[in-house]
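Analysis of the macromolecular model
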Amino acid sequence: MKYRNLGPYKASAISYGNMPLSIEGRPDRATAIDVIHAALDAGVTHIDTAWAYYPSGEEPQYGEGLAAEALRTWDGDRSAISIATKVGHYRNFTDGKPTWAVDDEPEHLKERAHESARALGVETIDLLYSHRPSPDVPYEKVIGALADLLDEGLTRTVGISNVNPDQIRLAHRILGDRLVAVQNQFSPGFRSSEPEIDVTGELGLAFVAWSPLGGYRKPLDEPKFAPFQKIADARGISRAQVILAWELARAPHVIPIPGSHRTATILDSLKAADLELTDAELASLG
């Protein structure tokens, strides 16, 4: 496994997001633990979760508890592993469908952060993100809440998620080097985070790519993935490996966090850390 800087942590170039193990359609808990153990055994050193990773209408914080249990029952070196979690989102129902809602009130963020620490079984969280900005709360107040949690010692480092360049610069002005990461969506079907990749590189922050393989895609998105499939077919490898290798090649501070319901899938994805795409291949992918 190759590694990239995530603030003070040495994160595996391909790290792991446990949302698919935690929300609607999740596998049983024993299977989920096995998947995380397999990823850790293969060299993953960073696990990403969130307060809001639970099925709508059920008990919150399933994903955090799952990550904690997986580490507690793993026989490897726990000191080499960092865990990130996020606060500010919660699950809801809209017209009978599972949805995501935002609560970015500073005092609520602080409450959720303390709940996250308890669910993870730690006194100090490794990396705590604000999950998503709300249009109803001035962003400097959100960042102020993160600063308070840093001062309190509840978290060692902080990040922000689902943000634009102006919000990144604002957070960096307030937090300085205590801000270590930005987590935004990025994949062949979602390239609008290119400006955020550039800004994070300029400021020395990690860019953590969520849904790096495209997440829950619509059929209309498939043409965007066709060039990646063409290279995969020519090389005799999975399309996931080509996508992840392309993201790693985008910049040395990009860290994709694919998830998986199955051990075989995440082990296949991890091979992308050693996959070198040619200049011609990268040019064809844009």
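Residues numbered from 1 in each chain as written. Predicted model: local features only at pLDDT ≥ 70, side-chain atom pairs only at ≥ 80, totals over all residues. Heavy atoms only, no water.

An unreviewed UniProt entry lists the chain under the name Aldo/keto reductase, from Acidipropionibacterium acidipropionici.

Description of the overall build of the chain
The cut-off we apply is this: Numbering of helices and strands runs from the N terminus; a helix is a DSSP stretch of H or I covering at least four residues, while a strand is a stretch of E covering at least two. In this description the radius of gyration comes from C-alpha coordinates, and the expected globular size is given by 2.2 Å times residues to the power 0.38. Burial classes follow relative accessibility: with a 1.4 Å probe on protein chains only, a residue under 20% of its type's maximum area counts as buried, one over 50% as exposed, and anything between as partly exposed. The contact criterion used throughout is that any non-hydrogen atoms of two residues lie within 4.5 Å.
Along the chain, the regular secondary structure elements total ten helices and twelve strands. The C-alpha atoms of the chain give 18 Å as radius of gyration, which agrees with the globular expectation for 286 residues (19 Å, within 12%). Its C-alpha atoms give the chain principal-axis dimensions of about 55 × 45 × 40 Å. Counting all 286 residues of the chain, 55% fall into the buried class. Partitioning the contacts of the chain with sequence separation of at least 6, the portion at a separation of at least 24 is 74%.

Notes on the packing of aromatic side chains
Note the following rule: Here the aromatic set is Phe, Tyr and Trp, taking the six-membered ring for Trp, and pairing holds for ring centres within 6.5 Å; pairs whose planes are under 30 degrees apart are stacked, those over 60 apart are edge-to-face, and all others are tilted.
What the rule picks out here adds up to five aromatic pairs. Here Trp51 and Tyr54 contribute two aromatic rings whose centre-to-centre distance is 5.9 Å and whose plane-to-plane angle is 85°, an arrangement assigned as edge-to-face. Judged by its relative accessible area of 9%, Trp51 falls in the buried class. Here Tyr54 falls in the buried class, since its relative accessible area comes to 4%. Between Phe228 and Trp246, the aromatic rings sit 5.1 Å apart at their centres with planes inclined by 75°, giving edge-to-face as the arrangement. Of this pair, Phe228 sits in helix H7 (residues 222-235) while Trp246 sits in helix H8 (residues 239-250), and the two are 18 residues apart along the sequence. Taking the relative accessible area as the measure of exposure, Phe228 reaches 0% and is therefore buried. On the basis of relative accessible area, Trp246 is assigned to the buried category, the value being 5%. An aromatic cluster of three or more residues is present, and its members are Phe186, Phe207, Phe228 and Trp246.

Quick notes on the sheet that holds strand E4 (residues 46-48)
Strands pair in a sheet through their backbones, by hydrogen bonds, and they do so in one of two ways: parallel or antiparallel. As a reminder, the rule being used: Pairing between strands is defined by DSSP: at least two bridges between the two strands are required.
Strand order in this open sheet of eight strands is E3-E4-E5-E8-E9-E10-E11-E12, and the pairing throughout is parallel. The two strands at the open ends of the sheet, each matched to only one other strand, are strand E3 (16-17) and strand E12 (254-256). With three bridges joining them, E4 and strand E5 (residues 82-87) adopt parallel strand pairing. Note that in E5 the partner of His46 across the bridge is Ser82.

Some words on the pattern of salt bridges
Formally: What makes a salt bridge here is a side-chain nitrogen of Lys or Arg within 4 Å of a carboxyl oxygen of Asp or Glu, nothing more.
Enumeration over the complete set of coordinates arrives at 15 salt bridges. A salt bridge links Glu111 to Arg112; the shortest N-O distance between them is 3.5 Å. Under the relative-accessibility criterion, Arg112 is labelled buried at 19%. In this structure, Asp151 and Arg178 form a salt bridge, with 2.8 Å as the shortest nitrogen-oxygen distance. Here Asp151, found in helix H4 (residues 139-152), pairs with Arg178, found in the loop between helix H5 (165-175) and strand E10 (179-185); they are 27 residues apart in sequence, far enough to count as distant.

Some points on the pairing of strand E7 (residues 97-102)
In terms of strand pairing, strand E6 (residues 89-94) meets E7 through six bridges, oriented antiparallel. In the strand pairing of E7, Phe93 is matched with Pro98. Here E6 folds back onto E7 in antiparallel fashion, the turn holding two residues, of which Asp95 has a positive phi close to 55°.

A few points about helix H6 (residues 194-203)
Threshold: This arc is taken over the directions from the axis of the helix to the C-beta atoms.
All of the buried residues in H6 are Glu196, Ile197, Val199 and Thr200. Down the axis, H6 shows its buried residues gathered within 170° of arc, on one side only. Lining the buried residues of H6 we find H5, E10, strand E11 (206-210), H8 and E12. One or two steps after H6, the chain reaches Gly204, where phi turns positive at roughly 75°.

With respect to the side chain of His253
For His253, the location among the structural elements is in the loop between H8 and E12. Since its relative accessible area comes to 15%, His253 is described here as buried.

Some words on the pairing of strand E1 (residues 3-6)
Only one face of E1 is buried: it carries Arg4 and Leu6, and the other face, with Tyr3 and Asn5, is open. Where E1 meets strand E2 (residues 9-12), four bridges bridge the pair, whose relative direction is antiparallel. By the bridge assignment for E2, Tyr3 is matched with Ser12. Hairpin connection, E1 to E2: the antiparallel pair is bridged by two residues, and Gly7 has positive phi, about 60°.

Brief notes about unusual backbone geometry
Phi is positive for Gln61, close to 70°, though the residue is something other than glycine. Examined against the element boundaries, Gln61 turns out to sit in the loop between E4 and helix H2 (62-72). Classification of Gln61 by relative accessible area gives buried; the value is 16%. With phi around 50°, Ser211 is a residue other than glycine that occupies positive phi space. On the secondary structure map, Ser211 appears in the loop between E11 and H7.

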